[in-house]
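In case you want the letters, here they are:
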Amino acid sequence: MRSRGVVAIAALAVTGAMMLTGCTPSRGMPAAPTDAEVDAAVQSLLDMQWAATGLEGVVERPTLEAERTSDQWSPGMDECVSEMGIASYGWSSTDGFALGSGEQATDAQQLAFYECVARYPAVTVLSHEQRDYIHDYYARTLVPCLGLHGYAMSFLPERDSFVAGTADQDAGWTWSPYAALRQPPMTEEANAELTRECPPTLPGIDGWSSEAG
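Residues numbered from 1 in each chain as written. Predicted model: local features only at pLDDT ≥ 70, side-chain atom pairs only at ≥ 80, totals over all residues. Heavy atoms only, no water.

A look at the pattern of salt bridges
Now for step 1: Evaluated as defined, the whole model comprises four salt bridges.
Now for step 2: As a salt-bridge pair, Arg159 and Asp132 come within 2.7 Å of each other at their nearest N and O atoms. Of this pair, Arg159 sits in helix 6 (residues 159-164) while Asp132 sits in helix 5 (residues 128-148), and the two are 27 residues apart along the sequence.
Now for step 3: Taking the shortest distance from any N to any O, the salt bridge between Asp136 and Arg159 comes out at 2.6 Å. With Asp136 in helix 5 and Arg159 in helix 6, this pair connects stretches of sequence that are 23 residues apart.
Now for step 4: On the basis of relative accessible area, Arg159 is assigned to the partly exposed category, the value being 29%.
Now for step 5: Three or more residues are tied together by salt bridges with common partners; here these are Asp132, Asp136 and Arg159. (Salt bridge = Lys/Arg side-chain N within 4 Å of Asp/Glu carboxyl O. Helix = DSSP H or I, 4+ residues; strand = E, 2+ residues; numbered from the N terminus. Buried < 20%, exposed > 50% of the residue type's maximum accessible area, 1.4 Å probe, protein only.)

This is how it looks when you write it as structure tokens:
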């Protein structure tokens, strides 16, 4: 006679297998962000960077056309900053541009850095439809898969919060199950195996899809 515990474990295994039989949400590919949405995201980035320079009211804010908009840090950005003779630098929304040595950046350096950001803005823009699609994949497939492999999340955003992007703001980074693991895989081999079993993304969505997905 089976114990209730064995039955419960068997039921969990069957449920997990059912959840993982389909790799993709049962819906068509979502609409990509519009040009207006991308432009708004770039403008938000530049407004934040300009405020961080401390140059408002000191010099006129330059208007530059982006040479390349990317969802990743552009090599062009590194080349642009290198032309200023700065080998090490950092930037945050609270501290602005800082030299690697910890010295206070001059107004000229702040302005030059802003111009580099304006020429090579790095923004990740996902439409609400794409975020809703991604949430479906996370909730229906990826999170259950990680759970079956013994991995738990530090927190899980509600759909509305994820779609609106407020989960990213609350976390301080773009939320994903892998980034929110309480304890990630301890070795590269374990991580590679886990991402094979539980792909972090699916193909077809710029700014989110990866080779692993």
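Regarding the packing of aromatic side chains
The way to describe two aromatic rings as a pair is by their centre distance and the angle between their planes.
Now for step 1: Taken as a whole and judged by the stated rule, the model has eight aromatic pairs.
Now for step 2: When the ring of Tyr137 is compared with that of Tyr138, the centres are 6.4 Å apart and the planes differ by 45°; the resulting orientation is tilted. Each member of the pair, Tyr137 as well as Tyr138, carries the same accessibility label: buried.
Now for step 3: Both rings, one in Tyr137 and one in Trp208, keep their centres 6.2 Å apart while their planes meet at 75°; by these two values the pair is edge-to-face. Here Tyr137 is found in helix 5, whereas its partner Trp208 is found in the segment after helix 8 (188-197), with 71 residues between them in sequence. As far as burial versus exposure is concerned, Tyr137 and Trp208 are alike and both buried. (Phe/Tyr/Trp six-rings, centres within 6.5 Å; stacked < 30°, edge-to-face > 60°.)

Overview of the state of the cysteines
Now for step 1: Overall, the coordinates contain two disulfides when judged by the stated rule.
Now for step 2: Note that Cys80 is cross-linked by a disulfide to Cys116, the S-S spacing being 2.0 Å. Here the disulfide of Cys80 and Cys116 is left-handed, its torsion about the S-S bond being about -80°. Placement of the pair is Cys80 in helix 3 (residues 75-82) and Cys116 in helix 4 (residues 107-119), with a sequence separation of 36 residues. Side by side, Cys80 and Cys116 carry an identical accessibility label, which is buried.
Now for step 3: With cysteine numbering restricted to those in disulfides and following the sequence, the protein chain has the pairing 1-2, 3-4. (Disulfide = S-S within 2.5 Å.)

A few points about the environment of Tyr120
Now for step 1: Relative to the helices and strands, Tyr120 resides in the loop between helix 4 and helix 5.
Now for step 2: Of the residues examined, Tyr120 reaches a relative accessible area of 13% and is grouped as buried.
Now for step 3: A C-alpha to C-alpha distance of 8.9 Å links Tyr120 and Cys80, two positions 40 residues apart in sequence.
Now for step 4: Aside from chain neighbours lying at most four places away, what touches Tyr120 is Glu67, Arg68, Ser74, Gly76, Met77 and Cys80.
Now for step 5: Reaching out from Tyr120, the side chain makes a polar contact with the side chain of Glu67 at a distance of 2.9 Å. (Contact = heavy atoms within 4.5 Å. Polar contact = N/O pair within 3.5 Å; in protein donor to acceptor, adjacent residues only side chain to side chain.)

Here's the deal with the packing of helix 2 (residues 35-53) against helix 4
Now for step 1: Closest axis-to-axis distance for the helix 2/helix 4 pair is 10 Å, and the angle between their directions is 175°. In terms of orientation, helix 2 lies roughly antiparallel with respect to helix 4. Residues Leu45, Leu46, Gln49, Trp50, Ala52 and Thr53 of helix 2 lie in contact with helix 4, whose contacting residues are Gln110, Leu111, Phe113, Tyr114, Val117 and Ala118.
Now for step 2: Of the residues contributing to the contact of helix 2 with helix 4, the split by class is nine nonpolar, three polar and no charged. (Axes fitted to C-alpha atoms, helices over the stretch in contact; angles between N-to-C directions. Parallel < 35°, antiparallel > 145°, perpendicular 65-115°, else oblique. Nonpolar A, V, L, I, M, F, W, Y, C, P; charged D, E, K, R; others polar.)

Remarks on the nonpolar core
Now for step 1: The biggest cluster of nonpolar side chains holds 21 residues, and the ones touching the most others in it are Tyr138, Leu146 and Trp208.
Now for step 2: Broken down by element, the residue count for this core peaks at eight residues, all from helix 5.
Now for step 3: Setting aside chain neighbours within four positions, we find Leu146 in contact with Tyr151, Met153, Pro177, Tyr178, Leu181, Leu194 and Cys198.
Now for step 4: Among the nonpolar cores identified, the runner-up in size contains 17 residues, and Leu46, Leu55, Met77 and Val123 belong to it. (Core = buried A, V, L, I, M, F, W, Y, C linked by side-chain atoms within 4.5 Å.)

What to know about the packing of helix 3 against helix 4
Now for step 1: Direction vectors running N to C along helix 3 and helix 4 enclose 160°, while the axes themselves pass 9 Å from each other. By the criterion of interaxial angle, the relationship of helix 3 to helix 4 is roughly antiparallel. Considering the relative orientation of helix 3 and helix 4, their crossing is right-handed. Between helix 3 and helix 4, the residues in contact are Met77, Cys80 and Val81 and Phe113, Cys116, Val117 and Arg119, respectively.
Now for step 2: A per-class count over the contact of helix 3 with helix 4 returns six nonpolar, no polar and one charged. (Left-handed = near helix turned anticlockwise from the far one by under 90°.)

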